[in-house]
Amino acid sequence: MFVATQVTDWNNARLERAEYQRAVERLDAEITANLAIIDGTLPEVTSALGNANRALDTLQTCADSAENVAAVNAVLHLDPLAIERAGDGRSRAGATRGDAGLLGEPLARCAA
């Protein structure tokens, strides 16, 4: 009876080790896939961060120019045609006349 119990315990431990090994392999595959996703999105995130930093620097200068407005709007993903057309109240993006003043001239709000 004692030998049978030992064999059963040994077999259960072997099965648990095998299940543990399969779990480690699944975890390794998931980590590898996650790292590949991160590697694929890192250039895009880095570029967006650089654009955002340039837009922030532009806003902090309080210099109003078409180039500066375009730089800020590009980071905000604003459609320049929608902003331009908002002046007549018929924007493709749904902007209103009030939005055009806010979005079309963000740098004009700097304190002198």
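Our subject is the structure listed above.
Reading the values: rules and limits
Residues numbered from 1 in each chain as written. Predicted model: local features only at pLDDT ≥ 70, side-chain atom pairs only at ≥ 80, totals over all residues. Heavy atoms only, no water. Helix = DSSP H or I, 4+ residues; strand = E, 2+ residues; numbered from the N terminus. Salt bridge = Lys/Arg side-chain N within 4 Å of Asp/Glu carboxyl O.

## Comments concerning unusual backbone geometry
For Cys62, which is not glycine, the phi dihedral falls at a positive 55°. Tracing the backbone through its elements, the reader meets Cys62 in the loop between α1 (2-61) and α2 (66-75).

## Some details on the pattern of salt bridges
Under the counting rule described, the total for this entry stands at two salt bridges. Linking Arg22 and Glu19 is a salt bridge whose minimum nitrogen-to-oxygen distance equals 2.8 Å. Placement of both Arg22 and Glu19 in helix α1 is noted, with a separation of three residues, approximately one turn of the helix. The salt bridge involving Arg26 is made with Glu19; its shortest N-O contact spans 3.6 Å. Each of the salt bridges in this network shares a partner with another, and the network as a whole consists of Glu19, Arg22 and Arg26.

Just geometry here; none of it tells us what the structure is for.
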